[in-house]
Amino acid sequence: MFHQHGDGGVRGYGGNSVLSITRPVSPWSQRPIVFNSEAIYILTGDPHIWIWRLDESNAYRKLFDRPLTINVNHENFAPDGSVICFHGSDIDGHSNKFVEARTWEGELVWHADVPGAKVLHITLLRDPRVGAIDDTEGWINILRLAEDGSSTVEHLCRHDTSWAVQDVHPHSTLKPAGPGIVFCRDREGTGKVYEARVDCST
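Let me sum up the structure you'll find in this document. (Residues numbered from 1 in each chain as written. Predicted model: local features only at pLDDT ≥ 70, side-chain atom pairs only at ≥ 80, totals over all residues. Heavy atoms only, no water.)

For the rest of this paragraph, the subject is the overall build of the chain. For the chain, the count of helices and strands is one helix and 17 strands. Per-residue burial for the chain yields a buried fraction of 46% across its 202 residues. Put simply, 33% of the contacts in the chain that link residues at least 6 apart link residues at least 24 apart. Accessible area of the chain: about 10200 Å², with a carbon and sulfur share of 53%. (Helix = DSSP H or I, 4+ residues; strand = E, 2+ residues; numbered from the N terminus. Buried < 20%, exposed > 50% of the residue type's maximum accessible area, 1.4 Å probe, protein only. Contact = heavy atoms within 4.5 Å. Areas by Shrake-Rupley, 256 points an atom, 1.4 Å probe, with all protein chains shown as cover.)

Pasting the structure below:
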């Protein structure tokens with residue numbers, strides 16, 4: 001059973017499992033809703049987090065199948081609506097970090113291993129092969145995926161947030177206009193929004 005909140009959030013209840021959305025409903029009316037089951041981990045400690053898809057007929061399914069040894073989380077979509085992106089790792093949450101982009105049907109578009117980045121969120125920029133990543137070591141990074149499938153991750157700036165509450169998680173986001181991203185942090189003691197300039201197109 002699902003119900004939609006006025007703020008665009010969606011929660012579903014099935015037995016003792018609680019599924020909660022971490023991103024707003026897609027602004028494209030013909031798109032399904034995509035959400036994750038991170039709340040199950042928070043409430044029960046079950047480490048198996050899935051990304052789910054809910055269509056307009058209220059039918060829902062896992063966006064794609066994956067081995068139980070791998071977790072995926074924190075889905076987002078490209079600014080043009082073309083793909084969904086997310087990060088993943090081994091079930092321990094730390095090993096073999098990667099980011100992926102998939103279609104709204106769950107088909108793989110690209111995969112990039114990012115072993116040196118402790119990814120918590122990824123947001124794609126105007127080029128859907130370029131993304132902003134925030135990590136647990138205090139960095140906002142820029143991921144660039146090459147045509148041959150290789151990738152680079154470069155530091156852009158420090159966020160150094162405390163992660164105390166969701167309001168101060170960085171959640172890097174593309175600016176609506178102009179070259180740059182915005183993100184949150186509380187390094188100075190109060191949660192504020194900051195801007196970092198970056199070429200978002202290449």
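Attention now goes to the sheet that holds strand β14 (residues 151-158). Note on sheets: strands pair through backbone hydrogen bonds, and any given pair is parallel or antiparallel. Read from one edge to the other, the open sheet built from four strands follows the order β11-β12-β13-β14, with strand pairing classed as antiparallel. Looking along the sheet, the strands with just one partner apiece sit at the ends: β11 (119-124) and β14. Each adjacent strand pair in this sheet contributes to an overall mean axis angle of 25°, direction not counted. Both β11 and strand β12 (residues 130-135) contribute to a ladder of five bridges, which runs antiparallel. Looking at β12, one finds that Ile122 is bridged to Ile133. (Pairing = 2+ DSSP bridges. Axes fitted to C-alpha atoms, helices over the stretch in contact; angles between N-to-C directions.)

Here Trp163 lies in the loop between β14 and β15 (173-174). With a relative accessible area of 21%, Trp163 lands in the partly exposed category. Dropping the residues within four chain positions of it, Trp163 is found in contact with Leu120, His121, Asp134, Asp135, Thr136, Val168, His169 and Pro170.

On the secondary structure map, Ser89 appears in strand β8 (residues 84-90). Excluding residues within four positions of it along the chain, Ser89 makes contact with Thr69, Ile70, Asn71, His94, Ser95, Asn96, Lys97 and Phe98.

Judged by pairing direction, the sheet is antiparallel, and its four strands sit side by side in the order β7-β8-β9-β10 without closing on themselves. Across the chains shown, the open sheet's two edge strands, defined by having one partner strand only, are β7 (70-77) and β10 (108-113). Ignoring which end each strand starts from, the neighbouring axes of this sheet average 20° apart. Where β7 meets β8, six bridges bridge the pair, whose relative direction is antiparallel. Following the sheet pairing, Phe77 is matched in β8 by Ile84.

With that settled, consider the pairing of strand β17 (residues 192-196). Relative to β17, strand β16 (residues 181-185) runs antiparallel, the two sharing five bridges. Bridge pairing in β17 links Arg185 to Lys192. Between β16 and β17, which pair antiparallel one after the other, the connecting turn spans six residues, and Gly189 there sits at a positive phi close to 110°.

Among the five residues that make up strand β9 (residues 98-102), five are buried, leaving the element largely enclosed by the rest of the structure. Burial of β9 is two-sided: the residues Phe98, Glu100 and Arg102 facing one way and the residues Val99 and Ala101 facing the other way are all buried. Where β8 meets β9, five bridges bridge the pair, whose relative direction is antiparallel. The residue of β9 that forms the bridge with Cys85 is Ala101. Two elements, β9 and β10, share five bridges in a ladder whose sense is antiparallel. What sits directly across from Ala101, in β10, is Trp110.

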